[in-house]
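# Examination of the molecular architecture
Single-letter residue listing:
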Amino acid sequence: MKYFLSSNCALIQNKLFCVEAYCGLLVMINSDDGKVDCCDTSEGFISKKTRVVDFIESFDGKIYALDSSGDYLVIFDLSKCKCQYIWLGCAKDAKVNFSAFERCESYYYIFPKYGNKIMFFDIEKSKVTTGNYFNGIQEVQCACRIDNNVWILPKDAEKMYCYHLPDMEVDTYELGVVLKNCVHAVYCNGYIYILEKFGAIHKWNIEKALLQTITILEAKHDEQESMSRIVYARNKLIVLPGYAGDIKILNLLTKEAEI
């Protein structure tokens, strides 16, 4: 059996499109039967081993992806078998260079992880512009979109920022504490749940602008026990590992955790 590895995927034509990481192939996966087909090599696509994308999604028949190298927005037009690279120049880290990638109307909003900036991609004009909006933030830990608002949690700061996509305005909220090592955040029922890589989970009450630590799943600061993603499902938080071997599930009603 041959395995295909990818960091992310997008749904198009009722199939999952992804960039295979081992060989840099473009593949389509049938989610019903698991069949994997290689796409015709897109004109202009640069196949590269260990190519990974941070974010990817389909819109209006095309696929838009942020290359984890930080240098490019990659646009795949499968109907024409063409690929276009849009220069971004956000390369700062070997693995992760973006914190969010959101579309609103005819624009993509690109939030780099490093540097005090946000980038706007005009889909109709195929043009990128850049602006500064975050009062000197040099690194973003994680972000979470709710409707047309993107909540931004910077590194080593006592503040949370809420960026309004349509009018490009920013609100600032005091956290009262400094949150470190945060890797992911999800929204549900008026709260943003924030996960730290070593297991602490915080809850941000949007209406009251209040932060609360609700649990610590792992006390040791061991990289091999680190966590990477959090998912909300029926009054439970499913915490996925980074390098650890266990999936942990926290019941929000009983506050009990299970492996």
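Here the structure is shown first, and the text comes after it.
Here we summarise the structure given alongside this text. (Residues numbered from 1 in each chain as written. Predicted model: local features only at pLDDT ≥ 70, side-chain atom pairs only at ≥ 80, totals over all residues. Heavy atoms only, no water.)

### Observations regarding the environment of I12
As for its position among the elements, I12 is in strand 1 (residues 10-12). A residue is classified by how much of its surface remains accessible, and I12, at 8% relative accessible area, is buried. Sequence separation between I12 and C182 is 170 residues; the distance between their C-alpha atoms is 31 Å. When neighbours within four sequence positions are excluded, I12 is seen to be in contact with F17, M28, S58, G61, I63 and L78. (Helix = DSSP H or I, 4+ residues; strand = E, 2+ residues; numbered from the N terminus. Buried < 20%, exposed > 50% of the residue type's maximum accessible area, 1.4 Å probe, protein only. Contact = heavy atoms within 4.5 Å.)

### Concerning the environment of I110
Tracing the sequence through the fold places I110 in strand 10 (residues 107-112). Counting along the chain gives 45 residues from I110 to A65, while the straight-line C-alpha distance between them is 11 Å. Not counting residues within four places of it along the chain, the set of residues in contact with I110 comprises L66, L88, F98, A100, F101, I118 and M119.

### Thoughts on the pattern of salt bridges
Within this structure, the stated rule accounts for four salt bridges. Measuring nitrogen to oxygen at the nearest pair gives 3.7 Å for the salt bridge that ties E139 to K155. With E139 in the loop between strand 12 (127-131) and strand 13 (140-146) and K155 in the loop between strand 14 (149-154) and strand 15 (159-164), this residue pair connects regions lying 16 residues apart in the sequence. You can call K155 partly exposed: its relative accessible area is 40%. The shortest N-O distance in the salt bridge between E258 and K236 comes to 4.0 Å. (Salt bridge = Lys/Arg side-chain N within 4 Å of Asp/Glu carboxyl O.)

### A closer look at the sheet that holds strand 12
The four strands are arranged 9-10-11-12 in an open sheet whose pairing can be described as antiparallel. Looking at strand neighbours, the two that pair on one side only are strand 9 (98-104) and strand 12, the edges of this open sheet. Neighbour to neighbour, the strand axes of the sheet diverge by 20° on average, direction disregarded. Sheet analysis places strand 11 (residues 118-122) next to strand 12, joined by five bridges and oriented antiparallel. (Pairing = 2+ DSSP bridges. Axes fitted to C-alpha atoms, helices over the stretch in contact; angles between N-to-C directions.)

### What about the side chain of H164?
Tracing the sequence through the fold places H164 in strand 15. Classification of H164 as buried rests on a relative accessible area of 17%. At 2.6 Å, the side chain of H164 and the side chain of N149 are in polar contact. Dropping the residues within four chain positions of it, H164 is found in contact with N148, N149, E169, V170 and D171. (Polar contact = N/O pair within 3.5 Å; in protein donor to acceptor, adjacent residues only side chain to side chain.)

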